[in-house]
Amino acid sequence: MRKGTHIYCNCCGKEMMQKNGMLTEDIYHIKKDWGYFSEKDGFSQEADVCEKCLSDWMDTFRYPPDSWERTEL
Ligand SMILES: [Zn+2]
């Protein structure tokens with residue numbers, strides 16, 4: 001969630017650390033334009049979730065997300 005130049009985790013409310021306008025920690029940005037086969041057809045949603053909140057959420061998944069190490073950065 002962005003307020004002016006500040007960025008907050010939508011889940012826990014933590015303000016993300018920045019230095020000289022650059023984030024110094026990574027954040028998961030969600031943007032979804034809901035479509036015809038949803039109950040939110042025509043609506044868009046956007047949120048920022050910090051790494052800890054995302055990890056805590058993924059830990060509740062029945063099947064964990066696929067993960068791999070990228071060899072080319
Ligand atoms: Zn959080």
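Let us look at the structure shown here.

### Some points on the coordination of the zinc ion
- For the zinc ion, the full set of protein donor atoms is Cys9 (SG), Cys12 (SG), Cys50 (SG) and Cys53 (SG), and the range of their distances to it is 2.3 to 2.4 Å.
- In this structure, the zinc ion is coordinated by four donor atoms arranged in tetrahedral fashion, with angles at the metal of 103 to 117°.
- All donors of the zinc ion come from a single chain, and their spacing in sequence reads C-x2-C-x37-C-x2-C. You can see Cys9 sitting in the loop between β2 (6-7) and β3 (18-19) and its partner Cys53 sitting in helix α1 (residues 51-58), a full 44 residues away along the chain.

### Details of the packing of aromatic side chains
- With the rule as written, the count across this model stands at two aromatic pairs.
- Ring centres of Tyr36 and Phe37 lie 5.2 Å apart, and the angle between their planes is 85°; on these two criteria the pair is classed as edge-to-face.
- For Tyr36, a relative accessible area of 66% corresponds to the exposed category.
- An angle of 90° between the planes, with centres 4.9 Å apart, marks the rings of Trp57 and Phe61 as edge-to-face.
- Over the ring of Trp34 we find Lys32; its NZ or CZ atom is 5.3 Å from the centre of that ring.
- Taking the ring centre of Trp34 as reference, the NZ or CZ of Lys40 above it sits at 4.7 Å.

### Digging into the pattern of salt bridges
- Scanning all chains against the criterion turns up four salt bridges.
- The closest approach of N and O atoms between Asp48 and Arg2, which form a salt bridge, is 3.6 Å. A residue pair is termed long-range when its members are at least 10 positions apart, and Asp48 in strand β6 (residues 44-50) and Arg2 in strand β1 (residues 2-3) qualify at 46 residues.
- On the accessibility criterion, Asp48 (2% relative accessible area) is buried.
- The residue Lys14 makes a salt bridge to Glu25 at a minimum N-O spacing of 3.0 Å. Linking Lys14 in the loop between β2 and β3 with Glu25 in the loop between β4 (22-23) and β5 (27-33), this pair joins segments that are 11 residues apart in sequence.

Cut-off values and rules
- Counting restarts for each chain, with residues numbered from 1 along the sequence as it is written.
- In keeping with the model being predicted, local features are shown solely for residues with a pLDDT of at least 70 and side-chain atom pairs are shown and tallied solely at 80 or more, while totals for entire chains, interfaces and linings include all residues.
- Heavy atoms from the whole structure form the basis of all side-chain values; hydrogens and water molecules are not counted.
- Keep in mind that water is not among the atoms, so a site may look incomplete; donors are the N, O and S atoms within 2.8 Å of the metal, or 3.2 Å for Na, K and Ca.
- Sites are called tetrahedral only when four donors show all angles between 85 and 135 degrees, square planar or octahedral only when four or six donors show opposite pairs over 155 degrees and all other angles between 65 and 115, and irregular in any remaining case.
- Starting at the N terminus, helices and strands are each numbered in turn, a helix being any DSSP run of H or I of at least four residues and a strand any DSSP run of E of at least two.
- Only Phe, Tyr and Trp rings are paired, with Trp represented by its six-membered ring, and only when their centres lie within 6.5 Å; those with planes under 30 degrees apart are stacked, over 60 edge-to-face, the remainder tilted.
- Only protein chains enter the area calculation, which uses a 1.4 Å probe; residues under 20% of their type maximum are buried, those over 50% are exposed, and those in between are partly exposed.
- To sit over a ring, a charge needs its Lys NZ or Arg CZ within 6 Å of the ring centre and within 35 degrees of the ring normal.
- Salt bridges are defined by distance alone: a side-chain nitrogen of Lys or Arg within 4 Å of a carboxyl oxygen of Asp or Glu.

Take it as geometry only, folks, not as evidence of what the structure does.
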